[in-house]
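Topology and contacts: notes
Okay, here's what each chain looks like letter by letter:
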Amino acid sequence: MVNETFTINKKMESEIVMISLQQLLEQDNFTKDELIYLLSLENKNDIDLLFEKALKVKEKYFGTDIHLRGIIEISNHCEENCLYCGLRRANKNITRYRMSVDEVVNAALHIKEAGVKTVVLQSGEDSDLTQQMVTEMIQKIKAVHDCAITLSLGERSYADYKTWFAAGADRYLLKHETNNENLYKFIHSNQSLKNRLEHLLYMKAIGYQIGSGNIIGLPTQTLEDIAEDLVLCKQLDLDMASFSPFVSSEKTPFANIANASVDSTLKVMAVARLYLKNVHIPATTALATLDERGREKGILAGANVIMPSFTPHPYRTDYLIYDDKICIGEDPRQCISCLSIRISSVGGTISNSKGDSLKFTLPTILD
Ligand code: SAH
Ligand code: SF4
């Protein structure tokens, strides 16, 4: 009898919570407190509801489409010293490389053969990767492949951004990493959050589709910080937003910091999908590094993008932002068949479009 009453009370209680959560999930927008509440859900049924709703919102805008972006990691030289990253300049235990223009174009041809219509050029902040080299890469890739080009080369000069946009680059990915100024200063001793945001706004003004986002699981980071990250992503009116879990690298000052939790990362992605709606959200390689089914789980939590690496051997094994990165021993050309099985196992279909931003308007170059 006592048990029965308890069960009934508990059921009633959980129904009350369910109903109010369901109502909250139907809202068109969220306050910061509501974001924090959603990020703090712990009950499995509640989290399942959150993921279900995130998937529905994803499908409303993108259907079952999953966009692939082929990444070429063109240089692992870096002049910055971000505390979390294995490519930081103070790490002497790494073989540094910089790919030639021809090597990059050849890797882009592999991306074309795989039917992938976005080429991402990523590197550390490497001033010896000159404006001219990147311009040539963009022009030569565009000449052989009708694709979109995303740059992810860190903070560069405004002249670089402008020249590369004029040469044909379409998108720029520069994560804000955290919207907590003190934490930002701690992890990047000689960079400022304000400056980074100004770079993003400049890129947007000259016509790039812009991507930004955070790292989840940084030391001292709170749910309020993460809610502030989401608010910033909305204010920036991003085309792409990436939320990746921190993965420890033994060659950094953060070697002893625990990896982020996969479940917390999935929750952030799902809340981001509800809040940011039609932005592209990747299921990151970092997530797949922490969980063999990370990409599938990411899709089920609202992600619509996967970014397989097409960096050729021997460089592939040296782009180690963090430890135990997946697929570095594979032939990049074989990744697509593995990915298509994974994507279809969770009801997704690989899109054959360039996957431009749903907010895309015709680019204009500033004078
Ligand atoms: N140098 C460029 C691009 C390469 S780094 C830049 O910093 O923008 C790309 C991304 O890797 C960074 O934005 C950061 O969010 C992510 N990253 C670096 N170290 C990481 C780590 N240990 N765990 C998770 N993500 C990391
Ligand atoms: Fe360099 Fe980017 Fe790594 Fe920072 S995150 S150390 S800028 S490669």
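Everything quoted here is computed from the prediction, not taken from an experiment.

Calculation criteria
- Residues numbered from 1 in each chain as written.
- Chains lettered and ligands numbered in written order.
- Predicted model: local features only at pLDDT ≥ 70, side-chain atom pairs only at ≥ 80, totals over all residues.
- Heavy atoms only, no water.
- Helix = DSSP H or I, 4+ residues; strand = E, 2+ residues; numbered from the N terminus.
- Rg over C-alpha atoms; globule rule 2.2 N^0.38 Å.
- Buried < 20%, exposed > 50% of the residue type's maximum accessible area, 1.4 Å probe, protein only.
- Contact = heavy atoms within 4.5 Å.
- Areas by Shrake-Rupley, 256 points an atom, 1.4 Å probe, with all protein chains shown as cover.
- Lys, Arg positive; Asp, Glu negative; His and termini not counted.
- Charge placed at Lys NZ, Arg CZ, Asp CG, Glu CD.
- Near = heavy atom within 4 Å.
- Polar contact = N/O pair within 3.5 Å; in protein donor to acceptor, adjacent residues only side chain to side chain.
- Axes fitted to C-alpha atoms, helices over the stretch in contact; angles between N-to-C directions.
- Parallel < 35°, antiparallel > 145°, perpendicular 65-115°, else oblique.
- Left-handed = near helix turned anticlockwise from the far one by under 90°.
- Nonpolar A, V, L, I, M, F, W, Y, C, P; charged D, E, K, R; others polar.
- Expected span 1.5 Å × (residues − 1).
- pLDDT = per-residue confidence, 0-100.
- Pairing = 2+ DSSP bridges.
- Phe/Tyr/Trp six-rings, centres within 6.5 Å; stacked < 30°, edge-to-face > 60°.
- Lys NZ or Arg CZ within 6 Å of the ring centre and 35° of its normal.

1. Examining the overall build of the chain
Across its full length, the chain carries 13 helices and nine strands. Compactness check: the chain gives a C-alpha radius of gyration of 21 Å against a globular reference of 21 Å for 367 residues, within 12% of the reference. If you line up the chain on its principal axes, its C-alpha atoms span 75 × 45 × 40 Å. Taken across its 367 residues, the chain has 54% of its residues classed as buried. Residue pairs at least 24 apart in sequence account for 75% of intrachain contacts in the chain once pairs closer than 6 positions are excluded. Roughly 16,000 Å² of accessible area belongs to the chain as shown, and the carbon and sulfur atoms make up 53% of that amount. If you average the places of the 40 positive and of the 48 negative side-chain charges in the chain, the two averages end up 3 Å apart.

2. Some remarks on the site of ligand 1
Taken together, 17 residues lie around ligand 1, and Tyr84, Ser123, Glu177, Val247 and Ile321 are the ones closest in. Ser123 places a main-chain nitrogen or oxygen 2.9 Å from a nitrogen atom of ligand 1. A distance of 3.1 Å is found between an oxygen atom of ligand 1 and a side-chain nitrogen or oxygen belonging to Lys175.

3. Quick look at the packing of helix α5 (residues 131–144) against helix α6 (residues 158–167)
The N-to-C vectors of α5 and α6 enclose an angle of 20°; their axes lie 9 Å apart at closest approach. On the basis of their axis angle, the class for α5 and α6 is roughly parallel. In this structure, the crossing between α5 and α6 has a hand that is right-handed. Two secondary-structure elements touch here, α5 through Gln131, Val134, Thr135, Ile138 and Gln139 and α6 through Ala159, Asp160, Thr163, Trp164 and Ala167. Split into classes, the residues belonging to the contact of α5 with α6 amount to five nonpolar, four polar and one charged.

4. Brief notes about helix α4 (residues 101–113)
Under the 1.5 Å per step criterion, the end-to-end length of α4 is 19 Å for 13 residues, consistent within 8% with the ideal 18 Å. Of the residues making up α4, those classed as buried are Val101, Val104, Val105, Ala107, Ala108, His110 and Ile111. In this structure, the buried side of α4 is in contact with β2 (70–75), β3 (118–123) and α5. Of the residues trailing α4, Gly115 is marked for its positive phi of about 80°.

5. Re the confidence of the model for the chain
For the chain, the average pLDDT comes to 93, and 93% of its residues sit at 70 or higher. Segment residues 1–13: pLDDT under 50, and zero contacts once partners within four positions in sequence are set aside and those in other chains are kept.

6. Some details on the pairing of strand β1 (residues 65–68)
Two faces belong to every sheet, and in a regular strand the side chains alternate between them. Relative to strand β9 (residues 349–350), β1 is paired through two bridges, and the arrangement is parallel. When the bridges of β9 are listed, Ile66 appears paired with Ile350. Relative to strand β8 (residues 305–306), β1 is paired through two bridges, and the arrangement is parallel. For His67, the partnering residue across the bridge sits in β8 and is Val305.

7. What about the site of ligand 2?
In the vicinity of ligand 2, the contacting residues are Cys78, Glu80, Cys82, Tyr84, Cys85, Leu87, Arg88 and Gly124. Residue classes in the shell around ligand 2 are distributed as five nonpolar, one polar and two charged.

8. Focus on the packing of aromatic side chains
In this description, an aromatic ring pair is defined by two values, namely the gap between the centres and the angle between the planes. The tally for this structure, following the rule as stated, stands at eight aromatic pairs. Ring centres of Tyr158 and Tyr202 lie 4.2 Å apart, and the angle between their planes is 20°; on these two criteria the pair is classed as stacked. With Tyr158 in helix α6 and Tyr202 in helix α8 (residues 193–206), the pair connects residues that are 44 residues apart, well separated along the chain. With centroids separated by 6.1 Å and ring planes inclined at 35°, the aromatic side chains of Phe186 and Phe254 adopt a geometry described as tilted. With Phe186 in helix α7 (residues 181–187) and Phe254 in the loop between β7 (240–245) and α10 (262–276), the pair connects residues that are 68 residues apart, well separated along the chain. Here a set of aromatic residues connected by ring pairs shows up, and it is made of Tyr158, Tyr161, Phe165, Tyr172, Tyr202 and Tyr208. The side chain of Lys234 reaches across the aromatic face of Tyr275, ending 4.2 Å from its centre.

9. Considerations on the packing of helix α2 (residues 32–39) against helix α9 (residues 223–235)
In the contact formed by α2 and α9, the axes pass within 9 Å of each other and the chain directions differ by 120°. What the angle tells us is that α2 and α9 run oblique. The two elements α2 and α9 cross, and the hand of that crossing is right-handed. Residues Lys32, Leu35, Ile36 and Leu39 of α2 form the contact with α9, whose own contacting residues are Leu223, Glu224, Ile226, Ala227, Glu228, Leu230 and Val231. When its residues are assigned to classes, the contact of α2 with α9 shows eight nonpolar, no polar and three charged.

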